[in-house]
Amino acid sequence: MRFSVIRKMSSIDVSALRIKYKEKREVFTEDSILVKNPFHLFKTWFDEACNTPEIIEPNAMCLATASANGFPSARFVLLKSCTEKGFTFFTNYDSRKAKEIAENKKVALAFYWLPLRRSIRIEGTAEKISHSESEEYFHQRPRASQIGALASPQSQPIPSRGYLDEIEKNIVDKLGENEVVPMPNWGGYLVIPHRIEFWQGQTNRLHDRICFKKANNDDVVDNKLLHQGENGWVYERLAP
């Protein structure tokens with residue numbers, strides 16, 4: 001009943017919206033994973049996304065956090081680095097996301113690259129990177145972005161857009177063109193994953209899902225349901 005009401009509010013039949021995904025000849029199989037390491041596979045898919053002109057911001061990812069009492073929130077941020085250690089993004093340490101990470105380090109990331117019919121989901125814990133690493137990256141950003149970060153009391157209520165513009169103007173007037181922009185309470189987080197799932201959409205809705213997870217003592221690698229990966233990872237196929 002509730003969904004029917006939503007449908008009537010729109011001129012578009014939401015329930016009928018669907019696009020064509022991959023065909024059977026393009027399935028994502030375990031044999032196609034040449035290196036059984038999720039970071040290697042992530043880089044392969046990410047490079048394809050970066051080389052796909054229709055994907056304007058391949059490093060855009062949805063970051064989900066949760067408060068200490070379990071209330072979730074999600075927003076898009078930009079991936080700035082990926083290594084065998086994890087995935088790095090930057091934000092204001094006074095923001096809502098940062099405060100929730102301080103209460104609950106468990107986070108999730110999601111990439112969705114529609115032209116490739118692919119998505120990657122990552123679950124793990126977030127830790128602050130060093131102050132020196134954050135400062136080095138901060139001063140590599142365009143000067144306008146540095147000033148914007150300094151001007152914005154992120155996630156805090158403000159009276160108007162003009163309020164921000166006035167703060168920005170005051171900073172510009174004070175610093176001039178050459179003064180170094182001081183870094184605010186701002187920096188990076190490293191998301192250390194324990195689970196990375198690779199999804200590829202199929203037109204018949206029998207989507208491909210292959211999930212890597214950190215091995216633990218309870219895992220039974222039988223090479224039927226659970227397979228041995230590299231560097232402490234195991235992987236399995238999940239039903240769509």
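Residues numbered from 1 in each chain as written. Predicted model: local features only at pLDDT ≥ 70, side-chain atom pairs only at ≥ 80, totals over all residues. Heavy atoms only, no water.

A. Geometry of the overall build of the protein chain. What the protein chain contains, in helices and strands, is 6 helices and 10 strands. The dimensions of the protein chain, computed from C-alpha atoms along their principal axes, are 65 × 50 × 40 Å. Counting across all 240 residues of the protein chain, residues that qualify as buried make up 40%. Excluding contacts between residues fewer than 6 apart, the proportion of contacts in the protein chain whose partners are at least 24 apart in sequence is 64%. Surface accessibility of the protein chain: about 14,600 Å² in total, with carbon and sulfur atoms responsible for 53%. Between the mean site of the 34 positive side-chain charges and the mean site of the 31 negative ones, the protein chain shows a separation of 7 Å. (Helix = DSSP H or I, 4+ residues; strand = E, 2+ residues; numbered from the N terminus. Buried < 20%, exposed > 50% of the residue type's maximum accessible area, 1.4 Å probe, protein only. Contact = heavy atoms within 4.5 Å. Areas by Shrake-Rupley, 256 points an atom, 1.4 Å probe, with all protein chains shown as cover. Lys, Arg positive; Asp, Glu negative; His and termini not counted. Charge placed at Lys NZ, Arg CZ, Asp CG, Glu CD.)

B. Geometry of the packing of aromatic side chains. Counting across every chain of the model gives 18 aromatic pairs. Here the aromatic rings of Phe46 and Trp113 are separated by 6.2 Å at their centres, their planes lie at 55°, and the arrangement is tilted. On the criterion of sequence distance, the pair formed by Phe46 in helix 2 (residues 38–50) and Trp113 in strand 5 (residues 106–113) is long-range, its members being 67 residues apart. Judged by relative accessible area, Trp113 falls into the buried class, the value being 1%. Seen in terms of ring centroids, Phe111 and Trp113 are 5.5 Å apart; in terms of plane orientation they differ by 40°. Their pairing is tilted. With respect to burial, Phe111 and Trp113 carry one shared label: buried. Taken together through their ring pairs, the aromatic side chains of Phe39, Phe42, Phe46, Phe87, Phe111, Trp113 and Trp233 make up a single cluster. (Phe/Tyr/Trp six-rings, centres within 6.5 Å; stacked < 30°, edge-to-face > 60°.)

C. Representation of unusual backbone geometry within the structure. You will see that Arg117, though not glycine, has its phi angle at about 55°, which is positive. Residue classification places Arg117 among the partly exposed residues on the basis of a relative accessible area of 22%. Residues other than glycine seldom take positive phi values, yet Asn223 does so here, at roughly 60°. When you line up the elements, Asn223 lands in the loop between strand 8 (208–214) and strand 9 (227–228).

D. Spatial organisation of the packing of helix 5 (residues 143–151) against helix 6 (residues 161–175). Between helix 5 and helix 6, whose axes approach to 9 Å, the crossing angle comes to 120°. Judged by the inter-axis angle, helix 5 sits oblique to helix 6. The two elements helix 5 and helix 6 meet at a crossing, and its hand is right-handed. Contacts between helix 5 and helix 6 involve Arg143, Ile147, Leu150 and Ala151 from the former and Leu164, Ile167, Glu168, Ile171, Val172 and Leu175 from the latter. Across the contact of helix 5 with helix 6, the residue classes break down as 8 nonpolar, no polar and 2 charged. (Axes fitted to C-alpha atoms, helices over the stretch in contact; angles between N-to-C directions. Parallel < 35°, antiparallel > 145°, perpendicular 65-115°, else oblique. Left-handed = near helix turned anticlockwise from the far one by under 90°. Nonpolar A, V, L, I, M, F, W, Y, C, P; charged D, E, K, R; others polar.)

E. Structural view of the UniProt feature "domain: Pyridoxine 5'-phosphate oxidase dimerisation C-terminal" (unreviewed entry) in the protein chain. Sites flagged by UniProt as "domain: Pyridoxine 5'-phosphate oxidase dimerisation C-terminal" (unreviewed entry) map to residues 186–240. Regarding residues 186–240, the helix share stands at 0% and the strand share at 53%, and the terminal C-alpha atoms are separated by 39 Å. (UniProt positions renumbered as here; feature names shortened; annotations may be inferred.)

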